[in-house]
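The primary structure of each chain is shown beneath.
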2 protein chains.
Amino acid sequence: MRVAILAHEMFPGRAKTALGVLRYADYEAVGVLDRDNAGRRVSDFVPDVQDAPIYESMADLAAADVDALLIGIAPIGGGFDESWRDDVRTALEYGCDVISGLHYFLEDDAEFARLAAEHDCELRDVRKPPADLTVSDGVAGEVDAEIVLTVGTDCSVGKMTTTMELARAARDAGHDAVVIPTGQTGIMIEGWGNPIDRVVSDFTAGAVEEMILEKGDDHDYLFVEGQGSIVHPAYSAVTCGILHGSMADTLVLCHNAGQEAIHGYESFSLPALETYVDLYEGLAAPVADSEVVAGAINTSGLDDEEAAREAVDEYASDLGVPATDVIRFGTDAVLEEVL
Amino acid sequence: MRVAILAHEMFPGRAKTALGVLRYADYEAVGVLDRDNAGRRVSDFVPDVQDAPIYESMADLAAADVDALLIGIAPIGGGFDESWRDDVRTALEYGCDVISGLHYFLEDDAEFARLAAEHDCELRDVRKPPADLTVSDGVAGEVDAEIVLTVGTDCSVGKMTTTMELARAARDAGHDAVVIPTGQTGIMIEGWGNPIDRVVSDFTAGAVEEMILEKGDDHDYLFVEGQGSIVHPAYSAVTCGILHGSMADTLVLCHNAGQEAIHGYESFSLPALETYVDLYEGLAAPVADSEVVAGAINTSGLDDEEAAREAVDEYASDLGVPATDVIRFGTDAVLEEVL
């Protein structure tokens, strides 16, 4: 599938979905839309992902054969920015599908719904949960596959990236490994999944369990994309539901090097790393024997290679398990812990 | 308000909502509908709640001046039992409102919606969350009131009852205390509240916080109705969101005497009581200093008064804090711990 990726004014630093798709998805990226960087290329900013030219607007892609426009950014609150309306309209007029992970559902937008019908294209709101979810039966642990869950010290510490890198490395090592996508970026990359942060709270664990039961007997390893943090003032419910719903065998604890407080909630300090290990394992224990077996630390804020190495070593020492920065140093140091 | 309470075939043992309303709500109960016990009275079964006659159907209440029919039972899954349709239809034809906490929303039922419009009555689906909920800001702890949250070893261990009894006792002792209702029964009793188990999972903590901010500066004590259990295979997400969203000062741990496994999930043993204390306090700590200061144990399964006393004493000893059965022995033993 050939896609254009909308990332106006946020590429690359605040375009987590766009970057995730460029890094991991099987889509062919025809272009990125960013009016601030039109004329440049993805590789001018990020060297190690799929390259693509950057355009001013969807109209510049008129001649290209694009299958879908993908909304690759999410403003705080998940709203639709009206400055994107022309691009979505143009895409639909070209006959492209539009894929969005916003809280604002495109199919509820009267103009987009009408244009999609007229031009026979699809509006795919990946954050809209399926209607048939229900409560967990507490049976995810019974599937044949090993279940590996990424957990974190906060949101945006690399859980999705770590999940994707570990799954890829496991496949490269000859194992049958799949990703269980729980958030908008994971769902866009994999083309399926349940947006756990949007389900009815009573069904949080059940929505994870349902995916694990669907895949668990057909593969050797399931890499479950984690969300949030178990001590996040706002999002811990989602994290807790994924922890118990997945009944994971092993946990990989993800962290941003040097981060000391919850992002956006700066009055809440991160507890000690050992506390995270105790909480994740202790909370899981009555439901499943889930053990933190590896750490993943994001050192992208450290320019100095040696400082990054030291941060990884210190993190591994604090956790008492092997650790790595999956992007900077690869997964070799931790892969055998999770397999 | 004069209400009839529907509890067909489940009164009193499986009619938690009906009993809660009879015990705590300000409504005048005109009658209970239970086709299995028509002709008898509530007091034949339960001595210490508001008494009322039991009828076969709503048609028997034709002559009574009823303001509302309240659905007082909830089958597993929260569906609507078609055997109740005649009663709801009759109530609407009499001009009564209908109050329901089912997952099945009465206002989405075409016949009920039409009848309600025709007879100018209201369908009140208390489990439908308000549309304007959002994520928590992590500020519930800043309100003037002390926040007391009931937590549990499982669902249906007495959190709602304990909340109501403690709030009533605090008011009797001269304090300005209100309940923060988080579930269908609490909402029906108090006439307001957010059904936390039905909100979008990302908004779980935020939906609790919103209620605490609404009431927190106008009262001395907020008694927050807890839900589920932090180690429940299906419902822990809701529990976790309430724990962090409420930023409670004190916790009261509720338990059923003698219960050893999660109800309906019998392969999951309850962990030791000390483990619950450690998990609730440890998980809360990075967000709020919440301490288990008292225990509430339901000994209704023990006929022998002395055995009940022993169960309470043993529970208090296991927890290391005072405990009581709030229905059997009152709240005196624990009230000053939470005030």
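An unreviewed UniProt entry annotates chain A as DUF1611 domain-containing protein originating from Natronorubrum halalkaliphilum.

Turning to the UniProt feature "domain: D-glutamate N-acetyltransferase-like C-terminal" (unreviewed entry) in chain A, a few remarks are in order. The UniProt feature table records "domain: D-glutamate N-acetyltransferase-like C-terminal" (unreviewed entry) at residues 135-334 of chain A. Strand forms 20% of residues 135-334 of chain A and helix 37%; the C-alpha atoms that close the span are 33 Å apart.

Moving on to the interface of chain B and chain A. Where interface size is quoted, it is often the accessible area lost as the parts come together. If you look at the interface, chain B gives 35 residues, while chain A gives 35 residues. Roughly 3,000 Å² is buried in total at the junction of chain B and chain A, and carbon and sulfur atoms are behind 62% of that figure. Where chain B meets chain A, there are zero salt bridges. Counting only elements with at least two residues in the side of chain B that touches chain A, the list comes to helix 7 (204-215), helix 8 (236-246), strand 12 (265-269) and helix 9 (273-284) of chain B. Broken down by element, the residue count for the side of chain B that touches chain A peaks at six residues, all from helix 8 of chain B. Among the residues forming the side of chain B that touches chain A, the class breakdown is 21 nonpolar, 10 polar and four charged.

Related by rotation about an axis and a shift along that axis, the two copies of the chain form a pair. Rotating chain B by 180 degrees and moving it 0.0 Å along the rotation axis overlays it on chain A with an RMSD of 0.1 Å. In symmetry terms, the pair is related by a two-fold rotation axis. Most of the interface of chain B is mirrored in chain A: 100% of its interface residues are interface residues there too.

The α-helix advances 3.6 residues per turn, and as a result positions three or four apart in sequence lie on the same side. All names here are of chain B. The terminal C-alpha atoms of helix 5 (residues 159-172) lie 20 Å apart, and with 14 residues this matches the ideal 20 Å at 1.5 Å per residue to within 8%. The element helix 5 is extensively covered by neighbouring structure, given that 10 of its 14 residues are classed as buried. Every buried residue of helix 5 is accounted for by K159, M160, T162, T163, M164, E165, L166, A167, A169 and A170. Positive phi appears at G174, one or two residues downstream of helix 5, with a value of about 95 degrees.

All right, on to the side chain of H255 of chain A then. Residues and elements named next belong to chain A. Mapped onto the elements of the fold, H255 is located in strand 10 (residues 250-256). Polar side-chain contacts of H255 include one of 2.9 Å to the side chain of T153. When near neighbours in sequence (up to four residues on either side) are disregarded, H255 contacts T153, V157, L270, L273, A296, I297, N298 and Y315.

This paragraph deals with the packing of aromatic side chains. Scanning all chains against the criterion turns up 12 aromatic pairs over all chains. Between F80 of chain A and W84 of chain A, the ring centres sit 5.6 Å apart and the planes meet at 80 degrees, which makes this aromatic pair edge-to-face. The two residues F80 of chain A and W84 of chain A agree in class, both being buried. Counting every residue linked through ring pairs, the aromatic cluster contains F80, W84, Y104 and F112 of chain A. In this arrangement the basic side chain of R309 of chain A is found over the ring face of F329 of chain A, its NZ or CZ atom lying 3.9 Å from the centre. Positioned above the aromatic ring of W192 of chain B, the side-chain terminus of K215 of chain B is 4.7 Å from the ring centre.

What follows deals with the sheet that holds strand 8 (residues 177-180) of chain B. All names here are of chain B. Pairing is parallel in the open sheet, where six strands are placed in the order 8-9-7-10-13-14. Of all the strands in the sheet, just strand 8 and strand 14 (323-324) have a single pairing partner and so form its edges. Pairing between strand 7 (residues 146-152) and strand 9 (residues 221-224): four bridges, direction parallel. Paired with V148 across the two strands is F223, which belongs to strand 9. Its contacts with the sheet put helix 5 on strand 7, strand 8, strand 9, strand 10 (250-256) and strand 13 (291-298), and the angle it makes with strand 8 is roughly 165 degrees. Across the sheet, helix 9 lies against strand 7, strand 10 and strand 13, angled at about 145 degrees from strand 10, the strand it touches most.

This part covers the domain arrangement of chain A. Residue and element names in this part refer to chain A. Taken domain by domain, chain A holds domain 1 (2-125) and domain 2 (140-338). Listed as interface residues are 18 residues of domain 1 and, on the opposing side, 12 residues of domain 2. Both sides together, the interface formed by domain 1 and domain 2 hides about 1,300 Å², and carbon and sulfur atoms give 59% of it. Taken together, the links from domain 1 to domain 2 amount to zero salt bridges. Taken together, the connections running from domain 1 to domain 2 amount to five residue pairs in polar contact (both at pLDDT 80 or more).

Looking now at the nonpolar core. One broad trend across soluble globular proteins is that nonpolar side chains are buried collectively. Counting 104 residues, the largest nonpolar core has I230 and L253 of chain A together with I230 and L253 of chain B as the members making the most contacts within it. Discounting chain neighbours no more than four positions away, the residues touching I230 of chain B are C240, H244 and L283 of chain A together with S236, T239, C240, L279, Y280 and L283 of chain B.

Through backbone hydrogen bonds, the strands of a sheet pair up, either in parallel or in antiparallel fashion. All names here are of chain B. The strand order 3-2-1-4-5-6 describes an open sheet built from six strands, whose pairing is parallel. Because the sheet does not close on itself, it has two edges, and the strands there are strand 3 (54-55) and strand 6 (123-125). The sheet contact formed by strand 5 (residues 97-100) and strand 6 spans three bridges and is parallel. Looking at the pairing, S100 lines up with D125 of strand 6. Seen against the sheet, helix 3 (residues 85-93) touches strand 1 (2-6), strand 2 (28-33), strand 4 (68-71), strand 5 and strand 6 and runs at an angle of roughly 155 degrees to strand 4.

Residue and element names in this part refer to chain A. A cluster of acidic residues, E274, D278, D303, D304, E306, E310, D313, E314 and D318, forms a negative patch on the protein surface. Ranked by the residues each element gives to the negative patch, the list is headed by helix 9 (residues 305-319), at five residues. Residue placement: E306 occurs in helix 9.

Moving on to the pattern of salt bridges. All names here are of chain A. Counted by the stated rule, this structure contains 32 salt bridges over all chains. D51 serves as the salt-bridge partner of R41, at 2.9 Å between the closest nitrogen and oxygen. With R41 in the loop between strand 2 (28-33) and strand 3 (54-55) and D51 in the loop between strand 2 and strand 3, this residue pair connects regions lying 10 residues apart in the sequence. Here R41 falls in the partly exposed class, since its relative accessible area comes to 36%. Residue class for D51 comes out partly exposed when judged on its relative accessible area of 29%. Across the pair E111 and R85 runs a salt bridge, and its minimum N-O distance is 2.9 Å. You can see E111 sitting in helix 3 (residues 110-118) and its partner R85 sitting in helix 2 (residues 85-93), a full 26 residues away along the chain. Since its relative accessible area comes to 13%, R85 is described here as buried. Members of the salt-bridge network, linked through shared partners, are E82, R85, D86, R89, D109 and E111.

Conventions adopted
- Residues numbered from 1 in each chain as written.
- Chains lettered and ligands numbered in written order.
- Predicted model: local features only at pLDDT ≥ 70, side-chain atom pairs only at ≥ 80, totals over all residues.
- Heavy atoms only, no water.
- UniProt positions renumbered as here; feature names shortened; annotations may be inferred.
- Helix = DSSP H or I, 4+ residues; strand = E, 2+ residues; numbered from the N terminus.
- Contact = heavy atoms within 4.5 Å.
- Buried area = accessible area lost by both parts, 1.4 Å probe.
- Salt bridge = Lys/Arg side-chain N within 4 Å of Asp/Glu carboxyl O.
- Nonpolar A, V, L, I, M, F, W, Y, C, P; charged D, E, K, R; others polar.
- Least-squares fit on C-alpha atoms with pLDDT ≥ 70 in both.
- Expected span 1.5 Å × (residues − 1).
- Buried < 20%, exposed > 50% of the residue type's maximum accessible area, 1.4 Å probe, protein only.
- Polar contact = N/O pair within 3.5 Å; in protein donor to acceptor, adjacent residues only side chain to side chain.
- Phe/Tyr/Trp six-rings, centres within 6.5 Å; stacked < 30°, edge-to-face > 60°.
- Lys NZ or Arg CZ within 6 Å of the ring centre and 35° of its normal.
- Pairing = 2+ DSSP bridges.
- Axes fitted to C-alpha atoms, helices over the stretch in contact; angles between N-to-C directions.
- Domains from an automatic or database assignment.
- Core = buried A, V, L, I, M, F, W, Y, C linked by side-chain atoms within 4.5 Å.
- Patch = residues over 30% accessible without salt bridge, like charges linked within 9 Å, V, L, I, M, F, W, Y side chains within 5 Å.
- Areas by Shrake-Rupley, 256 points an atom, 1.4 Å probe, with all protein chains shown as cover.
- Lys, Arg positive; Asp, Glu negative; His and termini not counted.
- Charge placed at Lys NZ, Arg CZ, Asp CG, Glu CD.

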